[in-house]
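Spelled out, the chains give:
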Amino acid sequence: MVTRREAAQRLDIPLEMAVRHGLPPQLTEAAVVELDTTPPPWLAQSRANRTGKRPVWSNLVCAVCGFTERARPKKWWPEFTYVVCDDHEIEEWPAAAPGAIRAEVFGVGGRFVGLVDDVA
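Residues numbered from 1 in each chain as written. Predicted model: local features only at pLDDT ≥ 70, side-chain atom pairs only at ≥ 80, totals over all residues. Heavy atoms only, no water.

Enquirer: Residue-level account of helix α1 (residues 4–11), with values.
Expert: Turning to α1, its buried residues number three or more, namely Ala7, Ala8, Gln9 and Leu11. Contacts made by the buried residues of α1 are with β1 (2–3), α2 (15–20), β2 (26–27), α3 (29–37), α4 (41–49) and β4 (68–71). Asp12 sits one or two positions beyond α1 and adopts a positive phi of about 60 degrees. (Buried < 20%, exposed > 50% of the residue type's maximum accessible area, 1.4 Å probe, protein only. Helix = DSSP H or I, 4+ residues; strand = E, 2+ residues; numbered from the N terminus. Contact = heavy atoms within 4.5 Å.)

The following block contains the structure:
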């Protein structure tokens with residue numbers, strides 16, 4: 001069985017849209033494949049309207065331990081050089097490039113810190 005959240009990720013739609021259009025909390029694998037291959041009108045229109053500027057879902061991968069999480073990107077997220085789990089010590093983080101100024105963005109996904117290295 002596939003959860004509604006997993007189905008939304010695979011269909012590349014927001015979870016809110018999946019709820020609004022009546023996707024049940026659990027779907028079979030066949031039902032998700034059917035939605036993807038022969039989308040209902042609301043899904044086809046959503047795909048046609050997509051501008052492609054920002055993805056619906058982002059895959060966050062910790063640069064230290066490799067932990068992954070799928071999350072909805074926020075408008076305020078800059079382009080991250082790295083993301084790391086918020087429980088790693090600063091000494092474990094990847095080093096910034098020589099001469100780069102590092103900014104830290106807290107609250108990325110469920111447990112990440114975004115690192116932005118700006119080479120001035």
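Enquirer: So what about the domain arrangement of the chain? Which residues, and what values?
Expert: Interfaces are often sized by the accessible area lost when the parts come together. Segmenting the chain into domains produces domain 1 (2–49) and domain 2 (58–119). The straight-line distance from the C-alpha centre of domain 1 to that of domain 2 is 29 Å. (Domains from an automatic or database assignment.)

Enquirer: Provide a residue-level description of the layout of surface pockets, including the pertinent values.
Expert: Here the largest pocket defines a volume of roughly 220 Å³. Around the largest pocket, the lining residues are Arg54, Pro55, Ser58, Asn59, Leu60, Val61, Pro73, Trp77, Pro78, Glu79, Phe80 and Val83. For the lining of the largest pocket, the element with the highest residue contribution is strand β3 (residues 58–61), accounting for four residues. Of the residues belonging to the lining of the largest pocket, the class tally is eight nonpolar, two polar and two charged. As a volume, the second largest pocket reaches approximately 150 Å³. In this structure, the second largest pocket is lined by Pro14, Arg54, Pro55, Val56, Arg72, Pro73, Lys74 and Lys75. A class-by-class count of the residues in the lining of the second largest pocket yields four nonpolar, no polar and four charged. (1 Å grid on protein atoms, 1.4 Å probe; cavity = no way out; pocket = protein on both sides within 12 Å on 5 of 7 lines; lining within 4 Å. Points joined across faces, edges and corners; volume = space filled by probe spheres on them. Nonpolar A, V, L, I, M, F, W, Y, C, P; charged D, E, K, R; others polar.)

Enquirer: Go over the side chain of Glu69, please, and point to the residues and values.
Expert: Turning to its location among the elements, Glu69 is positioned in strand β4. Despite its burial, Glu69 remains without a salt bridge, the nearest opposite charge being carried by Arg5 at 5.6 Å. Leave out the neighbours within four places in its chain, and Glu69 touches Ser58, Asn59, Leu60, Gly109, Gly110, Arg111 and Phe112. (Lys, Arg positive; Asp, Glu negative; His and termini not counted. Salt bridge = Lys/Arg side-chain N within 4 Å of Asp/Glu carboxyl O.)

Enquirer: Describe in detail the pattern of salt bridges, supporting the description with residues and values.
Expert: Per the counting criterion, the structure on display carries five salt bridges. Among the ionic pairs, Glu29 bridges to Arg10, the shortest N-O distance being 2.5 Å. On the criterion of sequence distance, the pair formed by Glu29 in helix α3 and Arg10 in helix α1 is long-range, its members being 19 residues apart. In this structure Arg10 comes out as partly exposed when scored by relative accessible area, which is 41%. Between Arg111 and Asp87 there is a salt bridge; the shortest N-O distance is 3.8 Å.

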